[in-house]
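Descriptive analysis of the structure
Listed below, chain by chain, are the residues.
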Amino acid sequence: MKKYMLAMAAALLTAGAALAGPKPEYPGGKEALDQYLATNMKYPQTAKDNGIEGVVDVAFVVKADGTIGTIKIVRMVDPDLESEAVRLVKGMPAWIPADNGGKPIDAQTQVAVPFVLP
């Protein structure tokens with residue numbers, strides 16, 4: 001049930017973000033983003049040992065060239081989980097930038113990074 005609730009929270013946040021103007025896109029879409037997070041996540045050992053789970057919401061700017069700009073934690077859960085979420089965002093491949101009339105522009109987006117113990 002807890003895994004389902006975390007997944008639903010992440011889906012709602014992603015859907016809500018899509019309603020506010022032109023948005024950048026992760027190459028390959030939501031499924032590719034989920035795969036990137038699952039493949040590259042290194043669950044912090046201290047958080048694992050203490051049974052800490054949660055969804056860290058990370059807002060960031062995708063620049064017109066697709067690179068990641070300013071990163072900000074929107075929903076805090078645990079400092080170790082937040083550090084890992086920022087590391088994941090910093091390591092992402094270039095995004096497809098938002099555009100305005102066909103011209104790439106800087107735009108903010110948000111990603112929910114779920115941390116769920118097995």
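This text goes with the structure placed above it.
Residues numbered from 1 in each chain as written. Predicted model: local features only at pLDDT ≥ 70, side-chain atom pairs only at ≥ 80, totals over all residues. Heavy atoms only, no water.

1. Side note on the overall build of the protein
The following threshold applies: Strands here mean DSSP runs of E at least two residues long; helices mean DSSP runs of H or I at least four residues long; both are numbered from the N terminus. The buried label applies to any residue whose accessible area, calculated with a 1.4 Å probe on protein chains only, is under 20% of its type's maximum; exposed applies above 50%, and partly exposed to all values in between. The contact definition used throughout considers only heavy atoms, calling two residues in contact when any of these lie within 4.5 Å. Each accessible area is a Shrake-Rupley result for a 1.4 Å probe, and residues are judged covered by the shown protein chains and nothing else.
On a plain count of helices and strands, the protein comes out with four helices and five strands. Counting helices and strands in the order they occur from the N terminus, the protein gives α-α-α-β-β-α-β-β-β. Considering the protein as a whole, with its 118 residues, one finds that 36% of them fall into the buried category. Summarising the internal contacts of the protein: among those between residues at least 6 apart in sequence, 74% fall at separations of at least 24. If you sum the accessible surface of the protein, you get close to 6800 Å²; carbon and sulfur atoms cover 57% of it.

2. Let's talk about the packing of helix H2 (residues 29-40) against helix H4 (residues 79-90)
For the record, the criterion: A fitted line through C-alpha atoms serves as each axis, taken over the contacting stretch for helices, and the angle formed by two N-to-C directions is quoted from 0 to 180°. Geometric relationships in this document are graded by angle, where less than 35 degrees denotes roughly parallel, more than 145 denotes roughly antiparallel, 65 to 115 denotes roughly perpendicular, and other angles denote oblique. For a crossing to be left-handed, the near helix must be turned anticlockwise from the far one by less than a right angle; the clockwise case is right-handed. As a working rule, the residues Ala, Val, Leu, Ile, Met, Phe, Trp, Tyr, Cys and Pro are called nonpolar, Asp, Glu, Lys and Arg charged, and the rest polar, with Gly in that last group.
Relative orientation of the contacting elements H2 and H4 amounts to 125°, with a least axis distance of 11 Å. Regarding the angle of H2 to H4, the classification is oblique. Between H2 and H4 lies a crossing whose hand is right-handed. Contact with H2, carried on its side by Tyr36, Leu37 and Asn40, involves Glu84, Arg87 and Leu88 of H4 and no other residues of that element. Across the contact of H2 with H4, the residue classes tally to three nonpolar, one polar and two charged.

3. Examining the pattern of salt bridges
Going by this rule: Within this document, salt bridges are pairs made up of a side-chain nitrogen of Lys or Arg and a carboxyl oxygen of Asp or Glu, the two lying within 4 Å of each other.
Enumeration according to the criterion identifies three salt bridges in this entry. Between aspartate 34 and lysine 30 there is a salt bridge, with its nearest N and O atoms 2.7 Å apart. Residue aspartate 34 and its partner lysine 30 are both found in helix H2; the two are separated by four residues, about one turn of the helix.

4. Looking at the pairing of strand S2 (residues 68-75)
The criterion, for reference: Strand pairing requires that DSSP identify at least two bridges connecting the strands.
As judged from the five bridges shared by strand S1 (residues 54-62) and S2, these two strands associate in the antiparallel manner. By the bridge assignment, alanine 59 is partnered in S2 with lysine 72. Adjacent in sequence and paired antiparallel, S1 and S2 are bridged by five residues, among which glycine 66 carries a positive phi angle near 90°.

5. Structural notes on the packing of aromatic side chains
Defined as follows: In this scheme Phe, Tyr and Trp rings, the latter by its six-membered ring, pair at centre separations within 6.5 Å, and the angle between planes marks the pair as stacked below 30 degrees, edge-to-face above 60, and tilted otherwise.
Scanning all chains against the criterion turns up four aromatic pairs. Taking 6.1 Å as the distance between ring centres and 45° as the angle between the ring planes, the aromatic pair formed by tyrosine 26 and tyrosine 36 counts as tilted. Of the two residues, tyrosine 26 sits in the loop between helix H1 (2-17) and H2 while tyrosine 36 sits in helix H2, which places them 10 residues apart along the sequence. With respect to burial, tyrosine 26 and tyrosine 36 carry one shared label: buried. Look at tyrosine 43 and phenylalanine 115: their rings are 5.6 Å apart centre to centre, the planes differ by 90°, and that puts the pair in the edge-to-face class. In this pair, tyrosine 43 sits in the loop between H2 and helix H3 (45-49) while phenylalanine 115 sits in strand S5 (residues 107-115), placing the two residues 72 residues apart along the sequence. Residue class for phenylalanine 115 comes out buried when judged on its relative accessible area of 0%.

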